[in-house]
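Fold and contact review
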Amino acid sequence: MTRNGEPFDAKLLLQDESQVFERKQSLSLQREGLESLCGMVNADPARGTIAFGLAPNGQVVGVEPGVLDKAQRTLTQVIRNRIDPPIQCTIDVREVEGKHVLILSARRSRDVPYHEFGGRAFIREGTSTRQLSLAEKQSLQRMRSRDIHPGPWTCDKCRSMVGVLGSFVITNEGMRRTYACECGGEFWPAT
Ligand SMILES: [Zn+2]
């Protein structure tokens, strides 16, 4: 179990399912939940939350307290073993109406073009999740990977935009493109 210190807003549980939020009635729907989470982080908002123990209509059904510890360990293990590249996840257990709701949140860091779950990449569109095709994965690489992206670029500090990056540094392995901006920030693919 990891905690990244970001407090979870319990009001979120009352919201409708969305691009970044889905309910799962039971922990037996772990695989479906993780596919959705993978789809959420791969979409542009780059983050998502799955709440286990909530019926599709929002009713609190709770996950069985007896299996909670084991479920958290299993979930952590599955995330570690099956999500590639590794992703930072937060697992939180909240008591709502006397029942336990397990809240799983994740975020894609901007240097990762997309994550795969069990060897497949997913994308979330509204409230549905589907698998990405090879062409779509290549397009995401080109849009998000700094090694492949052709431009334009935005600096994450001063927000200046450039079409082409032309700075190189000499390293032990030869010339390498640098993403440094003169303001001290770094250039990332503009979206
Ligand atoms: Zn800058």
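Residues numbered from 1 in each chain as written. Predicted model: local features only at pLDDT ≥ 70, side-chain atom pairs only at ≥ 80, totals over all residues. Heavy atoms only, no water.

1. Description of the packing of aromatic side chains
The final tally for this structure, using the stated rule, is 1 aromatic pair. Relative to Tyr179, the ring of Trp153 has its centre 5.7 Å away and its plane inclined at 40 degrees; by these criteria the two rings are tilted. A residue pair is termed long-range when its members are at least 10 positions apart, and Trp153 in strand β9 (residues 153-155) and Tyr179 in the loop between β12 (174-177) and β13 (187-189) qualify at 26 residues. The same class applies to Trp153 and to Tyr179, which are both buried. The side chain of Arg82 reaches across the aromatic face of Phe117, ending 5.1 Å from its centre. (Phe/Tyr/Trp six-rings, centres within 6.5 Å; stacked < 30°, edge-to-face > 60°. Helix = DSSP H or I, 4+ residues; strand = E, 2+ residues; numbered from the N terminus. Buried < 20%, exposed > 50% of the residue type's maximum accessible area, 1.4 Å probe, protein only. Lys NZ or Arg CZ within 6 Å of the ring centre and 35° of its normal.)

2. Considering the coordination of the zinc ion
All of the protein donors around the zinc ion are Cys155 (SG), Cys158 (SG), Cys181 (SG) and Cys183 (SG); their distances to the metal are 2.2 to 2.3 Å. Classification of the site at the zinc ion as tetrahedral follows from its 4 donor atoms and the range of 104 to 114 degrees in their angles at the metal. Counting the intervening residues between successive donors of the zinc ion yields the motif C-x2-C-x22-C-x1-C. Under the relative-accessibility criterion, Cys158 is labelled partly exposed at 38%. (Donors = N, O, S within 2.8 Å, 3.2 Å for Na, K, Ca; no water. Tetrahedral: all angles 85-135°; square planar, octahedral: opposite > 155°, others 65-115°.)

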